[in-house]
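# What the coordinates show
Residue-level listing of the chains:
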Amino acid sequence: MIQTIAFYLFAILVIAAGALTVTARNPVHSVLWLILAFFNAAGLMLLVGAEFIAMLLVIVYVGAVAVLFLFVVMMLDIDFAELRAGFARYLPFGLMVAAVLLAEMIFAVGAWQAGGLALTQRAGPAPSDLPNIHAMGALLYTRYLYVFEAAGLVLLVAMIGAIVLTHRGRAGTRSQNITRQNMRRPEDAVRNVNQPVGEGVEL
Amino acid sequence: MTALFQDYLGYGFGWFLATLILILIIALPLMLAVAMIIYADRKIWAAMALRKGPNVVGPFGLLQSFADGLKVFLQETIIPSAANRGLFLIAPIITFTVALITWAVIPFGAGMVLADINVGLLYILAASSLGVYGIILAGWASNSKYPFFSAIRAAAQMVSYEVSIGFVLITVVLWAGTFNLSGIVLAQKGHILGLVNGFGFNPLLFPMAVVFLISAMAETQRAPFDLTEAESELVAGYQTEYSSMSFALFWLGEYGNVLLMCALNATLFWGGWLPPIDWAPLYVVPGIIWLFIKIFAFFFIFSWVKATVPRYRYDQLMRLGWKVFLPFSLIWVFLVSGYLMLTRYGA
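Remember, predicted model here, so these are calculated numbers, not experimental data.

## Describing the pattern of salt bridges
Residues and elements named next belong to chain B. Under the counting rule described, the total for this entry stands at five salt bridges over all chains. Between Asp226 and Arg311 there is a salt bridge; the shortest N-O distance is 2.9 Å. Note that Asp226 is positioned in the loop between helix H8 (206-219) and helix H9 (231-234) and Arg311 in the loop between helix H11 (287-308) and helix H12 (314-343), a separation of 85 residues in sequence. A salt bridge links Arg313 to Asp315, with the shortest nitrogen-to-oxygen separation between them at 2.8 Å. You can call Arg313 partly exposed: its relative accessible area is 41%. Among the ionic contacts, a cluster of salt bridges with common partners joins Asp41, Arg222 and Lys306.

Below, the structure written as structure tokens:
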């Protein structure tokens with residue numbers, strides 16, 4: 001009973017929030033609706049028993065990606081007239097993508113319904129009695145170790161690429177060297193001299 | 001209790017009612033604790049500055065927080081005309097709610113936990129990463145420049161320190177072998193030679209405990225990392241435009257988060273509800289008292305730091321997060337996992 005109510009609640013909110021993401025006039029509101037959609041998607045994940053994926057969805061997408069997204073969108077100066085002018089031009093393209101996605105979804109569900117995709121024949125049948133962190137760990141770090149490491153490598157390359165592309169080494173900046181500051185003692189900077197009156201100081 | 005309710009009221013409804021009551025059993029004393037901890041904070045802070053602190057309302061000024069609450073409650077709620085109304089009002093509610101929901105997974109004693117879920121630590125990470133939204137939204141919706149600066153600072157600061165907090169938590173999880181908070185506490189029983197309870201006593205994990213304590217201060221925007229409300233630069237930061245109850249919700253949420261971070265420090269590194277030394281007579285004291293003593297000890301450290309350490313500059317804060325804590329905790333993850341690999345699983 002309560003599962004059914006929760007499912008329909010989350011599902012309706014995902015769809016509603018998704019629709020509002022597209023239609024909201026204010027881009028900041030759009031991002032916030034997107035966050036609500038992520039959040040409810042995490043709720044759906046919980047209902048199918050994938051608590052690890054649900055938590056990761058919230059931590060990664062809601063907690064990090066969407067924060068940076070919001071950060072950027074808040075600071076953008078967006079011209080609404082220009083955006084709307086583009087809408088008509090990109091509409092056919094958008095409709096095409098939507099049609100392709102719809103067709104794919106229908107095919108996928110149809111193929112699933114037609115049978116023949118026995119769950120036990122999948123690459124790694126998930127044991128039902130294990131918490132799914134253990135189940136995923138057991139698969140990722142044994143059977144899919146190389147693929148997993150390759151994925152990590154791709155991310156590393158992407159990260160270095162992003163840093164290299166955006167890094168500007170500006171000349172003439174004087175950056176602070178904290179270690180050197182901490183190593184500096186009074187003797188290095190201050191000298192006590194018993195200066196005779198009437199004579200200049202030699203520096 | 002859930003089982004009792006389910007006997008009388010049926011499975012679904014009994015569970016619902018029992019959970020609701022348990023939530024109130026945690027949330028209401030928590031609000032009281034927040035009120036008293038604000039008083040304690042002011043007293044400690046005053047004592048460090050050789051002042052008396054609040055001493056007028058009630059005996060020793062104990063009722064000061066309640067008087068403040070009443071005052072704030074009776075004030076008028078002012079919404080700036082240029083503000084984004086809906087978001088302006090939602091923002092403090094988000095901060096307050098997020099500060100409360102995380103307590104669902106904190107174990108107060110053996111079996112005394114509202115939600116004993118096996119991804120408890122991830123839940124805490126998820127909930128604490130939501131905390132930033134209240135601040136960003138408050139800053140943006142106020143439509144005023146100082147709150148907005150504060151929101152930008154808060155976003156960058158919290159995202160930065162969450163990274164090293166994540167690595168610290170990984171070392172704890174590696175050692176405990178579970179994400180469940182009760183499991184983590186039990187894994188600390190008799191940690192060193194069966195004598196002391198707590199990962200913090202382990203020389204390999206103690207540095208991580210320190211990193212976590214400092215990151216917790218940065219994550220809750222307590223001094224010396226309170227750049228989001230640096231009054232010399234940003235008036236009152238993201239709270240500038242807020243008044244009355246909406247301001248009070250920020251206030252309560254902030255201290256709720258501080259208490260939560262103290263509880264996490266106690267639970268993850270210093271044995272949670274277990275007594276510090278694994279010695280039978282100490283178990284006579286109920287676990288919840290040990291937890292409260294530890295939480296208060298950490299809160300004292302937080303207050304102490306607030307009273308004595310000057311505020312960081314923004315670039316120093318970022319340097320500490322990215323250039324010191326991140327590499328350090330990353331190396332420490334390698335070190336701990338390597339050590340465990342050698343000792344626990346064989347080379």
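Don't stop here, the text continues.
## What about the domain arrangement of chain A?
For chain A, the domain assignment lists domain 1 (1-76) and domain 2 (130-169). Spacing between the C-alpha centres of domain 1 of chain A and domain 2 of chain A amounts to 24 Å.

## A few points about the interface of chain A and chain B
With 24 residues of chain A at the interface, the matching set in chain B holds 27 residues. Between chain A and chain B, roughly 2200 Å² of surface is buried when both sides are summed, and carbon and sulfur atoms account for 79% of that area. Of all residues in chain A, the largest losses of buried area upon contact with chain B belong to A:Met55, A:Ile59 and A:Met74, amounting jointly to 23% of the total for that side. Viewed at the interface, chain B and chain A are joined by zero salt bridges. The interface formed by chain A and chain B includes four residue pairs in polar contact (both at pLDDT 80 or more). Elements that contribute at least two residues to the side of chain A that touches chain B include exactly helix H2 (27-47) and helix H3 (51-75) of chain A.

## Quick word on the packing of aromatic side chains
Residue and element names in this part refer to chain B. If you walk through the whole model with that rule in mind, you get 18 aromatic pairs over all chains. Seen from their ring centres, Tyr161 and Phe225 are 6.0 Å apart, and the 45° between their planes marks the pair as tilted. Placement of Tyr161 in helix H6 (residues 145-176) and of Phe225 in the loop between H8 and H9 is noted, with a sequence separation of 64 residues between them. Comparing Tyr161 with Phe225, the two get one shared label, buried. Three or more aromatic residues link up through ring pairs in this structure, and these residues are Phe88, Tyr238, Tyr242 and Phe250. The ring of Tyr146 is capped by Lys145, whose NZ or CZ atom sits 5.7 Å from the centre of that ring.

Cut-offs and rules
Residues numbered from 1 in each chain as written. Chains lettered and ligands numbered in written order. Predicted model: local features only at pLDDT ≥ 70, side-chain atom pairs only at ≥ 80, totals over all residues. Heavy atoms only, no water. Salt bridge = Lys/Arg side-chain N within 4 Å of Asp/Glu carboxyl O. Helix = DSSP H or I, 4+ residues; strand = E, 2+ residues; numbered from the N terminus. Buried < 20%, exposed > 50% of the residue type's maximum accessible area, 1.4 Å probe, protein only. Domains from an automatic or database assignment. Contact = heavy atoms within 4.5 Å. Buried area = accessible area lost by both parts, 1.4 Å probe. Polar contact = N/O pair within 3.5 Å; in protein donor to acceptor, adjacent residues only side chain to side chain. Phe/Tyr/Trp six-rings, centres within 6.5 Å; stacked < 30°, edge-to-face > 60°. Lys NZ or Arg CZ within 6 Å of the ring centre and 35° of its normal.

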